[in-house]
Amino acid sequence: MNQIEANKHAWGLLSEDHYHHFKKRFLEDSYRLNPIVLKEIGDVAGKTILHLQCNTGADSIALAKLGAKSVTGVDLVPDNVKFAKQLAEDLGVENVDFIESDIMELMDKHEGKYDIVFTSDGAIGWLPDFNKWGRTLRHFLKEDGYFYVHDGHPFFLSFDEEKIKDGILDLKYPYFDSEADFSSSIGGYASQTKEANNYYWMYTISKLINALSQAGLFIEYLQEYDRCAPGMGGTALDDEGLCYYPQLEGKLPLVFSLKATPR
Ligand SMILES: C[S@@+](CC[C@H](N)C(=O)[O-])C[C@H]1O[C@@H](n2cnc3c(N)ncnc32)[C@H](O)[C@@H]1O
């Protein structure tokens, strides 16, 4: 099994649990888009959105409920797409659809141009080729559209995820690593952790910026934050519902956001 196939299998083990988790959250009216994303993305009313790595569709549905004209979610895993469709149907959300594809193959499999290409919260490190990712985003953007990404800050992702909870910064994952990091477990944020081999590619800020620039995109902004949405890090919760590490507040970026437009 190659690395992408291994990731497909691993993520597929979580699909049903994620569907039940997010369905419950929507029915309780407790599911919201990441508060930083919500603030930055602005008014999406009437926009067509391509949502990359949509998992079981929670954020695609949240974007659709904000009044987007249509949201198309894309994910590698057949069961994620199946449960995303089911979740949209259960919730009566019609302006959303889902397609199954490896993002690395999306240009060969799908046609269309969108007002917004969107990806967030634990997405980009699952992709092995950053330059192809950049070309893919550009390919699906309308000339007056924009690309938006919000994800883990790679500097934060370099440190030991357990020790950091005590404010200890121990460099565990080389920032400049171009080989995939191997893990034998996955999940834990909307399901139990499951045993399954998976591969994650570290990205750097320069790889990200250069991939977008080389694909013909202009960077409108790059933001860095010392707090993040629940599930992405942190041990304490602030008044806005964002998580942070008390000993590292104001000292370490946990997440970044970037907006880019066609040049
Ligand atoms: C942490 S989840 C992202 C969740 C996202 N924040 C959301 O909107 O719910 C990562 C997702 O990336 C998907 N994925 C991993 N590798 C992929 C690939 N090569 N192409 C498309 N999707 C991929 C996984 O199936 C998983 O659903």
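For the structure given in this document, a descriptive report is provided here. Note that the structure is a prediction, hence the values are computed from the model and not measured.

1. Some remarks on the pattern of salt bridges
Then, number 1: Counted under the stated rule, the structure contains 15 salt bridges.
Then, number 2: Across the salt bridge formed by lysine 23 and aspartate 90, the nearest N and O atoms sit 3.3 Å from each other. Here lysine 23 is found in helix 2 (residues 15-27), whereas its partner aspartate 90 is found in helix 5 (residues 78-91), with 67 residues between them in sequence.
Then, number 3: Take aspartate 90: its relative accessible area is 29%, and that puts it in the partly exposed class.
Then, number 4: Measuring nitrogen to oxygen at the nearest pair gives 3.1 Å for the salt bridge that ties glutamate 162 to lysine 165.

2. Concerning the site of the ligand
Then, number 1: Close to the ligand lie 20 residues; Asn55, Asp75, Asp102, Ile103 and Ser120 are nearest.
Then, number 2: Aspartate 75 has a polar side-chain atom sitting 2.7 Å from an oxygen atom of the ligand.
Then, number 3: Contact between the ligand and aspartate 102: a nitrogen atom at 2.8 Å from a side-chain N or O atom of the residue.
Then, number 4: For the ligand, the protein covers 96% of the area, taking 600 Å² as the surface of the free molecule.
Then, number 5: Across the shell around the ligand, the residue classes break down as nine nonpolar, seven polar and four charged.

3. Observations concerning the environment of glutamate 100
Then, number 1: Its location among the elements puts glutamate 100 in strand 3 (residues 96-100).
Then, number 2: The partly exposed category is assigned to glutamate 100, whose relative accessible area is 42%.
Then, number 3: Separated by 22 residues in the primary sequence, glutamate 100 and proline 78 place their C-alpha atoms 6.1 Å from one another.
Then, number 4: Ignoring anything within four residues of it in the chain, the contact list for glutamate 100 reads Lys8, Asp75, Leu76, Val77, Pro78 and Val81.

4. Concerning unusual backbone geometry
Trans is the common state for peptide bonds, and a negative phi is the common state for residues other than glycine.
Then, number 1: We note that aspartate 29 has phi near 60 degrees; this positive angle belongs to a residue other than glycine.
Then, number 2: The residue aspartate 29 is located in the loop between helix 2 and helix 3 (35-41) in this model.
Then, number 3: Even without being a glycine, aspartate 121 presents a positive backbone phi close to 55 degrees.
Then, number 4: By secondary structure assignment, the location of aspartate 121 is in the loop between strand 4 (114-120) and helix 7 (130-140).

5. Some remarks on the packing of aromatic side chains
Aromatic ring pairs are described here by two measures, namely the spacing of the ring centres and the angle between the planes.
Then, number 1: Going through the model one piece at a time under the given rule, you end up with 14 aromatic pairs.
Then, number 2: With a centroid separation of 5.4 Å and an interplanar angle of 80 degrees, the aromatic rings of phenylalanine 22 and tyrosine 31 are classed as edge-to-face.
Then, number 3: Residues phenylalanine 182 and tyrosine 199 carry aromatic rings whose centres are separated by 5.5 Å and whose planes lie at 50 degrees to one another, so their mutual orientation is tilted. Of the two residues, phenylalanine 182 is situated in strand 6 (residues 181-187) and tyrosine 199 in strand 7 (residues 193-200); the sequence distance between them amounts to 17 residues.
Then, number 4: Clustering of aromatic rings is evident, with ring pairs tying together Phe130, Trp133, Phe147, Tyr203 and Phe256.
Then, number 5: Above the face of the tyrosine 244 ring, arginine 227 is positioned so that its terminal group lies 4.6 Å from the ring centre.
Then, number 6: Over the face of the ring belonging to tyrosine 146 we find lysine 259, whose NZ or CZ atom lies 4.3 Å from the ring centre.

Reading guide: rules and limits
Residues numbered from 1 in each chain as written. Predicted model: local features only at pLDDT ≥ 70, side-chain atom pairs only at ≥ 80, totals over all residues. Heavy atoms only, no water. Salt bridge = Lys/Arg side-chain N within 4 Å of Asp/Glu carboxyl O. Helix = DSSP H or I, 4+ residues; strand = E, 2+ residues; numbered from the N terminus. Buried < 20%, exposed > 50% of the residue type's maximum accessible area, 1.4 Å probe, protein only. Near = heavy atom within 4 Å. Polar contact = N/O pair within 3.5 Å; in protein donor to acceptor, adjacent residues only side chain to side chain. Areas by Shrake-Rupley, 256 points an atom, 1.4 Å probe, with all protein chains shown as cover. Nonpolar A, V, L, I, M, F, W, Y, C, P; charged D, E, K, R; others polar. Contact = heavy atoms within 4.5 Å. Phe/Tyr/Trp six-rings, centres within 6.5 Å; stacked < 30°, edge-to-face > 60°. Lys NZ or Arg CZ within 6 Å of the ring centre and 35° of its normal.

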